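Letter by letter, the chains look like this.
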Amino acid sequence: MKTTKLASVIAILAALFFPGKAFAQTDPGVRNNTGVNAGQPLASVTANANDLLFFQTGLAQFNEHQTVTGDNPGLGPRFNLDSCGACHSQPAPGGTSPASGIFPTVGPNPQSQVIANGVVNGGTNTIPYFVQVNGPVREARFPFFFNQFGNPNPNAPNGGVEDLFTVSGRADAGSCSLQQPSFNIARVTNNIIFRIPTPVFGTGLMANIDDSTLLANHAAQAVFNRVGISGTFNHNGNDGTISRFGWKAQNKSLIIFAGEAYNVEMGISNELFTQDRPLPGEDQMGSGLPANCLNLAGVGYPEDITHSDGTTASTVASDTALFSVFMQFLDQPTPSTTSPGGATSIANGRKLFSAIGCAICHTPSLTTQASHLTPGLSNATANLFSDIEIHHMGVGLADNVSQGGAGGDQFRTAPLWGLGQRIFFLHDGRTANLLSAIEAHQSSGSEATLVEEAFDLLSPSQQQDLLNFLRSL
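Nothing here was measured: the structure is a model prediction, and the numbers come from that model.

(A) Inspection of the side chain of glutamine 463 at higher detail. Among the secondary structure elements, glutamine 463 is positioned in helix α16 (residues 460-472). Not counting residues up to four positions away in its chain, the partners in contact with glutamine 463 are Gln25, Phe455, Asp456 and Leu458.

This is the structure in structure tokens:
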């Protein structure tokens with residue numbers, strides 16, 4: 001963010017001392033959340049007392065910090081953080097990775113504070129090198145398994161999440177003793193990639209777009225193949241329909257998305273993922289978790305269940321179901337019409353966004369089907385700026401991880417709604433500068449190369465208008 005601020009100062013000084021001359025554009029930076037409804041429920045949910053109760057209960061559970069035993073049992077044996085909301089907090093619950101110093105209410109990267117806050121034991125855990133106080137929340141993956149010499153084996157693809165921390169040494173973890181993954185070896189051998197949290201605003205609308213609508217939009221894109229756009233869909237292996245959640249659209253539904261995250265990111269077994277999760281190497285090429293690291297909560301499996309002794313509908317629901325309801329009922333963010341740069345600049349930027357081809361993949365809006373959940377999801381306009389397709393993004397962004405039908409350089413077109421309030425960009429959070437994120441779309445093998453080159457040919461003032469438009473979303 002310091003680089004962005006410095007560039008802004010240079011631009012201001014240039015305008016003062018060299019009026020009338022065109023200078024390089026700058027990322028306007030993260031908008032504050034004044035007048036923006038990010039993190040709010042759909043209006044139809046607010047109007048229904050029962051639906052609102054489910055939403056609020058899901059929100060509370062989303063923000064709750066989990067423990068190994070006690071009132072919120074199940075954390076571990078391995079995990080990335082102990083709360084959904086800690087990772088998905090920018091600019092509101094359901095968002096993406098936070099960082100220090102952006103807004104007064106946003107503290108340091110919570111992963112960097114797990115030892116200081118007593119979430120993990122400092123005698124058995126260290127903070128990985130890629131977790132920075134001012135950096136993004138991250139998960140790590142090794143694209144390939146290591147061979148007996150400690151080198152990545154290109155013939156043994158991995159790609160599973162390597163959880164950062166263990167519960168070993170915590171007072172509620174018993175005698176469970178586990179080592180953290182070999183992140184430094186992975187770094188030296190160039191066998192590590194990262195992911196940051198995807199925002200979940202408006203995901204109920206995304207879930208409710210029929211396959212036929214997506215396929216029709218894909219067919220309409222065919223005329224643009226001349227500029228290299230040729231996306232496809234990731235399909236669910238069970239019923240063959242289009243999957244749509246996650247960086248590679250690897251998850252079919254929000255309930256699966258929630259269940260996987262609970263198990264993978266926090267180590268909590270649930271009715272969709274019913275076992276404690278070892279590391280990929282422990283499970284696929286080893287012996288699994290040791291016996292003294294199983295059933296740490298002492299409640300049996302799965303740890304998160306539907307509660308038959310609940311007294312209300314919301315107390316009967318499992319945590320996983322409540323997470324899903326919370327995400328289903330989250331409204332899409334409301335864009336700004338005046339900030340940054342003013343209404344004229346934003347309008348010009350929106351036209352340029354389409355003119356140079358960005359809107360081919362970042363489809364501005366799609367219409368949902370009828371909903372049985374709440375009227376606000378029925379036949380609604382989802383302003384997601386995504387085609388939900390996976391596209392080849394070239395060697396510059398490739399992570400060599402395959403998920404479902406998505407290969408090592410394929411990623412789902414990231415929805416852009418709410419982009420104006422995001423701090424970090426791209427799947428791994430490698431940059432906090434929107435201009436750098438746009439430039440990263442150009443590399444060998446990327447379907448977006450010609451479109452990015454069209455952006456490069458715009459005048460500085462046109463580029464600034466486009467950046468202002470994106471930050472208005």
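So that's the structure; there's more coming.
(B) Here's a closer look at empty space enclosed by the protein. Tallied over the full model, the rule gives 4 cavities of 30 Å³ or more. Here the largest cavity defines a volume of roughly 730 Å³. Lining the largest cavity are 39 residues, with His362, Ala414, Leu416, Leu426 and His441 sitting closest to its centre. When contributions to the lining of the largest cavity are tallied by element, the ones reaching two or more residues are α13 (358-361), β10 (410-412), α14 (434-439), α15 (449-456) and α16.

(C) The arrangement of the state of the cysteines in detail. Under the defined criterion, the tally for this structure stands at 1 disulfide. A sulfur-sulfur separation of 2.0 Å characterises the disulfide bridge that pairs cysteine 176 with cysteine 293. Given an S-S torsion of about 100°, the disulfide between cysteine 176 and cysteine 293 has right-handed geometry. Remark: cysteine 293 occurs in the loop between α9 (280-284) and α10 (313-316) and cysteine 176 occurs in the loop between β5 (165-166) and α5 (183-188); sequence separation between them is 117 residues. Free cysteine cysteine 84: the closest other cysteine sulfur is in cysteine 87, separated by 8.0 Å. With relative accessibility at 13%, the residue cysteine 84 sits in the buried group.

(D) Looking closely at the nonpolar core. With 61 residues, the main nonpolar core has Phe130, Ile192 and Leu384 as its most contacted residues. Sort the elements by how many residues they give to this core and helix α8 (residues 254-266) lands first, with 5 residues. Dropping the residues within four chain positions of it, isoleucine 192 is found in contact with Tyr129, Phe130, Ala140, Arg141, Phe142, Pro143, Phe183, Ala186 and Arg187. In this structure, Ile346, Met393, Leu426 and Leu473 belong to the second largest nonpolar core, which totals 28 residues.

(E) Main features of the pattern of salt bridges. Across all of its chains, the model carries 9 salt bridges by this definition. Two residues, aspartate 399 and lysine 248, come together in a salt bridge whose shortest N-O distance is 2.9 Å. Of this pair, aspartate 399 sits in the loop between β9 (390-392) and β10 while lysine 248 is found in the loop between α7 (211-221) and α8, placing the two residues 151 residues apart along the sequence. With respect to burial, aspartate 399 and lysine 248 carry one shared label: buried. Connected through salt bridges with shared partners, the residues Arg195, Lys248 and Asp399 form a single ionic network.

(F) Up close: the pairing of strand β4 (residues 152-157). Sheet topology places strand β3 (residues 144-146) next to β4; 2 bridges connect them, and they run antiparallel. Bridge pairing in β4 places phenylalanine 146 opposite proline 152. With antiparallel pairing between neighbouring strands as the criterion, β3 and β4 make up a hairpin whose turn holds 5 residues, including glycine 150 at a positive phi of roughly 85°.

(G) Representation of the packing of helix α3 (residues 49-63) against helix α11 (residues 319-329) in the model. Two numbers describe how α3 lies on α11: the axes approach to 8 Å, and their chain directions differ by 115°. When you trace α3 past α11, the crossing you get is left-handed. For the pair α3 and α11, the contacting residues are Asp51, Phe54, Phe55, Thr57, Gly58, Leu59, Gln61 and Phe62 in the first and Asp319, Leu322, Phe323, Val325, Phe326 and Phe329 in the second. When grouped by side-chain class, the residues that make up the contact of α3 with α11 number 9 nonpolar, 3 polar and 2 charged.

(H) Looking closely at the layout of surface pockets. Of the volumes computed, that of the largest pocket is approximately 1,100 Å³. When contributions to the lining of the largest pocket are tallied by element, the ones reaching two or more residues are α4 (84-87), β2 (139-141), α8, α9 and α11. In terms of residues, the lining of the largest pocket owes the most to one element, α8, which gives 10 residues. Tallied by class, residues from the lining of the largest pocket come to 23 nonpolar, 17 polar and 10 charged.

(I) The arrangement of the packing of aromatic side chains in detail. On inspection of all chains with the given rule, the structure shows 14 aromatic pairs. Considering the side-chain rings of phenylalanine 62 and phenylalanine 323, the 6.3 Å spacing of their centres and the 80° angle between planes classify their relative orientation as edge-to-face. Separated by 261 residues along the polypeptide, phenylalanine 62 in helix α3 and phenylalanine 323 in helix α11 bring together distant segments of the chain. Pair check on accessibility: phenylalanine 62 and phenylalanine 323 agree, each one buried. Aromatic rings pair up to connect Tyr129, Phe130, Phe142, Phe146, Phe183 and Phe194 into one cluster. A cation sits over an aromatic face here: arginine 187 above tyrosine 129, 4.2 Å from the ring centre. Taking the ring centre of phenylalanine 411 as reference, the NZ or CZ of lysine 248 above it sits at 4.5 Å.

Reading the values: the criteria
Residues numbered from 1 in each chain as written. Predicted model: local features only at pLDDT ≥ 70, side-chain atom pairs only at ≥ 80, totals over all residues. Heavy atoms only, no water. Helix = DSSP H or I, 4+ residues; strand = E, 2+ residues; numbered from the N terminus. Contact = heavy atoms within 4.5 Å. 1 Å grid on protein atoms, 1.4 Å probe; cavity = no way out; pocket = protein on both sides within 12 Å on 5 of 7 lines; lining within 4 Å. Points joined across faces, edges and corners; volume = space filled by probe spheres on them. Disulfide = S-S within 2.5 Å. Buried < 20%, exposed > 50% of the residue type's maximum accessible area, 1.4 Å probe, protein only. Core = buried A, V, L, I, M, F, W, Y, C linked by side-chain atoms within 4.5 Å. Salt bridge = Lys/Arg side-chain N within 4 Å of Asp/Glu carboxyl O. Pairing = 2+ DSSP bridges. Axes fitted to C-alpha atoms, helices over the stretch in contact; angles between N-to-C directions. Left-handed = near helix turned anticlockwise from the far one by under 90°. Nonpolar A, V, L, I, M, F, W, Y, C, P; charged D, E, K, R; others polar. Phe/Tyr/Trp six-rings, centres within 6.5 Å; stacked < 30°, edge-to-face > 60°. Lys NZ or Arg CZ within 6 Å of the ring centre and 35° of its normal.

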